[in-house]
Amino acid sequence: MNILLELFVVTFRVLWAFVLAAAKWLVRPKEKSVAGQVCLITGAGSGLGRLFALEFARRRALLVLWDINTQSNEETAGMVRNIYRELAEAAAAHRAGDGEKDALPPCNLQVYTYTCDVGKRENVYSTAERVRKEVGEVSVLVNNAGVVSGHHLLECPDELIERTMMVNCHAHFWTTKAFLPKMLEMNHGHIVTVASSLGLFSTAGVEDYCASKFGAVGFHESLSHELKAAEKDGIKTTLVCPYLVDTGMFRGCRIRKEIEPFLPPLKPEYCVKQAMRAILTDQPMICTPRLMYMVTFMKSILPFEAVVCMYRFLGADKCMYPFIAQRKQATNNNEAKNGI
């Protein structure tokens, strides 16, 4: 009898979850504040990582930027400082207008940069320790760093496969293990996993990248369940799975030309704004564009041969081949130039 009662309660909760999800489509949830909180972003030197840094800076978060490229990371930091300066000037003008010229700014906004190879475990742990000593405990962790080899499986050197797995997947374990303990102690924090639509469904030619992103998605989902099981509801998680983003990472990737106008590469700014909205409203997962939800659902219920037919119709089965060919040509040109 008890199990029947529990089944009734579970059914009600499932239906209620649908109601709440539908309500969020109609009434936009209020965004939370991250002002003054320490936000750490990996891969902050370019692409989505840089845009995430700028968005968090506009919301007055205290930024910690990690990247393997010191120069590009410092360039991002310079952009963040410009935003902080504009915010300080606007706040000063507002206080002057209110006759409070001597009032202090609401928080001391700073940006810290660290050169870190997230594919190396000990480098992650040692850099994390420096962050704790020099900045403080991290409240928002954005695991964004990512790489792609751009080779067919049998042509891809083993070290590049290992590198892809380390940066795109294993690094999430190291950064989370470094900063989660304090979040658990405080029951406060937010962990963001920037994965990919290729972590939900795959395509040919990028086996290592798909495997790494599937791994990142699996890690994130399991971590989310663990936090729920531990009743740590103050720690939020958001999984970001965008379609192809026009950052140059997959330059040359093409789907069927008749379909491409309806499903073009995403503008990085649009992708990050959608992700920020999800993060600040504690949304567990965000796929952009929304069509990706349908593709994921269809892949889950259709027979594999039906999925193959759909991929071929869309031109998605070999969409990475032009990209791989370009990478191979660029590699050959570099080798010829260097006399290799």
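Residues numbered from 1 in each chain as written. Predicted model: local features only at pLDDT ≥ 70, side-chain atom pairs only at ≥ 80, totals over all residues. Heavy atoms only, no water.

Draft legend 1. Summary view of the overall build of the chain. Within the chain, the secondary structure is distributed over 10 helices and seven strands. Against the compact-globule benchmark of 20 Å for 340 residues, the chain has a radius of gyration of 22 Å, which places it among compact chains. Expressed as lengths along the three principal axes of its C-alpha atoms, the size of the chain is roughly 75 × 65 × 40 Å. When each of the 340 residues of the chain is scored for burial, the buried share is 43%. Within the chain, counting contacts between residues at least 6 apart in sequence, those at least 24 apart form 73% of the total. Of the side-chain charges in the chain, 39 are positive and 35 negative, and the distance between the mean point of each set is 4 Å. (Helix = DSSP H or I, 4+ residues; strand = E, 2+ residues; numbered from the N terminus. Rg over C-alpha atoms; globule rule 2.2 N^0.38 Å. Buried < 20%, exposed > 50% of the residue type's maximum accessible area, 1.4 Å probe, protein only. Contact = heavy atoms within 4.5 Å. Lys, Arg positive; Asp, Glu negative; His and termini not counted. Charge placed at Lys NZ, Arg CZ, Asp CG, Glu CD.)

Draft legend 2. Region of interest: the sheet that holds strand β7 (residues 285-288). If you walk across this open sheet you meet the seven strands as β3-β2-β1-β4-β5-β6-β7, and the pairing is parallel. With one partner strand each, in any of the chains shown, β3 (111-115) and β7 form the two edges of the open sheet. Along the sheet, successive strands turn relative to each other by an average axial angle of 15°, direction set aside. Here five bridges tie strand β1 (residues 38-42) to strand β2 (residues 62-67), and the two strands are oriented parallel to one another. Across the sheet, residue Leu40 finds its bridge partner in β2, namely Val64. Along the sheet, helix α6 (residues 207-229) makes contact with β5 (189-194) and β6 (235-242), crossing β6 at roughly 160°. Sheet strands in contact with helix α7 (residues 268-280) are β5, β6 and β7, and its direction is about 160° off that of β7. (Pairing = 2+ DSSP bridges. Axes fitted to C-alpha atoms, helices over the stretch in contact; angles between N-to-C directions.)

Draft legend 3. Representation of the pattern of salt bridges. Throughout the structure, instances matching the rule amount to 13 salt bridges. Arg130 is paired through a salt bridge with Glu134; the nearest N and O atoms lie 3.5 Å apart. Pair noted here: Arg130 and Glu134 are both in helix α4 (residues 121-134), with a separation of four residues, about one helical turn. For Glu134, a relative accessible area of 44% corresponds to the partly exposed category. Among the charged side chains, a network of salt bridges with common partners joins Glu55, Arg58, Arg59 and Lys273. (Salt bridge = Lys/Arg side-chain N within 4 Å of Asp/Glu carboxyl O.)

Draft legend 4. Inspection of helix α9 (residues 304-314) at higher detail. Taken together, the buried positions of α9 are occupied by Val307, Val308 and Tyr311. Down the axis of α9, the buried side of the element spans an arc of 100°, and every buried residue falls inside it. Facing away from the buried side of α9 by over 90 degrees, the exposed positions are Glu305 and Cys309. In this structure, the buried residues of α9 make contact with α8 (291-301). Gly315 sits one or two positions beyond α9 and adopts a positive phi of about 75°. (Arc of directions from axis to C-beta.)

Draft legend 5. Structural detail: the packing of aromatic side chains. Enumeration over the complete set of coordinates arrives at six aromatic pairs. Consider the rings of Trp66 and Phe179, whose centres lie 6.2 Å apart with planes at 55°: the pair is tilted. Taken together, the positions of Trp66 in strand β2 and Phe179 in helix α5 (residues 158-186) put the pair 113 residues apart, joining distant regions of the chain. Judged by its relative accessible area of 0%, Trp66 falls in the buried class. Given the relative accessible area of 1%, Phe179 is considered buried. Their ring planes at 55° and their centres at 6.4 Å tell us that Phe173 and Trp174 sit as a pair that is tilted. In textbook terms, an aromatic cluster arises when at least three aromatic residues are bridged by ring pairs, as seen for Tyr125, Phe173, Trp174 and Phe219. Between the NZ or CZ atom of Arg121 and the centre of the ring of Trp174, over which it lies, the distance is 5.6 Å. (Phe/Tyr/Trp six-rings, centres within 6.5 Å; stacked < 30°, edge-to-face > 60°. Lys NZ or Arg CZ within 6 Å of the ring centre and 35° of its normal.)

Draft legend 6. Looking closely at the confidence of the model for the chain. Confidence along the chain averages 89 in pLDDT terms, with 94% of residues attaining 70 or more. This model gives residues 101-106 a pLDDT under 50, and the stretch forms six contacts once residues within four places in sequence are excluded. (pLDDT = per-residue confidence, 0-100.)

Draft legend 7. Local environment of the layout of surface pockets. Estimates place the volume of the largest pocket at around 1300 Å³. Along the walls of the largest pocket sit 31 residues, with Lys24, Asp282, Gln283, Pro284 and Met285 positioned nearest its centre. Broken down by secondary-structure element, the contributors of at least two residues to the lining of the largest pocket are α1 (2-26), α6, β6, α7 and β7. Here the residues of the lining of the largest pocket are counted per class, giving 14 nonpolar, seven polar and 10 charged. (1 Å grid on protein atoms, 1.4 Å probe; cavity = no way out; pocket = protein on both sides within 12 Å on 5 of 7 lines; lining within 4 Å. Points joined across faces, edges and corners; volume = space filled by probe spheres on them. Nonpolar A, V, L, I, M, F, W, Y, C, P; charged D, E, K, R; others polar.)

Draft legend 8. Looking closely at the packing of helix α2 (residues 47-58) against helix α3 (residues 70-97). Viewed as axis vectors pointing N to C, α2 and α3 meet at an angle of 20°, and their least axial separation amounts to 9 Å. Between α2 and α3, the angle falls in the class roughly parallel. As for how α2 packs across α3, the hand of that crossing is right-handed. When α2 is examined against α3, the residues Arg50, Ala53, Leu54, Ala57 and Arg58 are found in contact with a partner set consisting of Ser72, Glu75, Thr76, Met79, Val80, Ile83, Tyr84 and Leu87. Grouping the amino acids of the contact of α2 with α3 by side-chain chemistry returns eight nonpolar, two polar and three charged. (Parallel < 35°, antiparallel > 145°, perpendicular 65-115°, else oblique. Left-handed = near helix turned anticlockwise from the far one by under 90°.)

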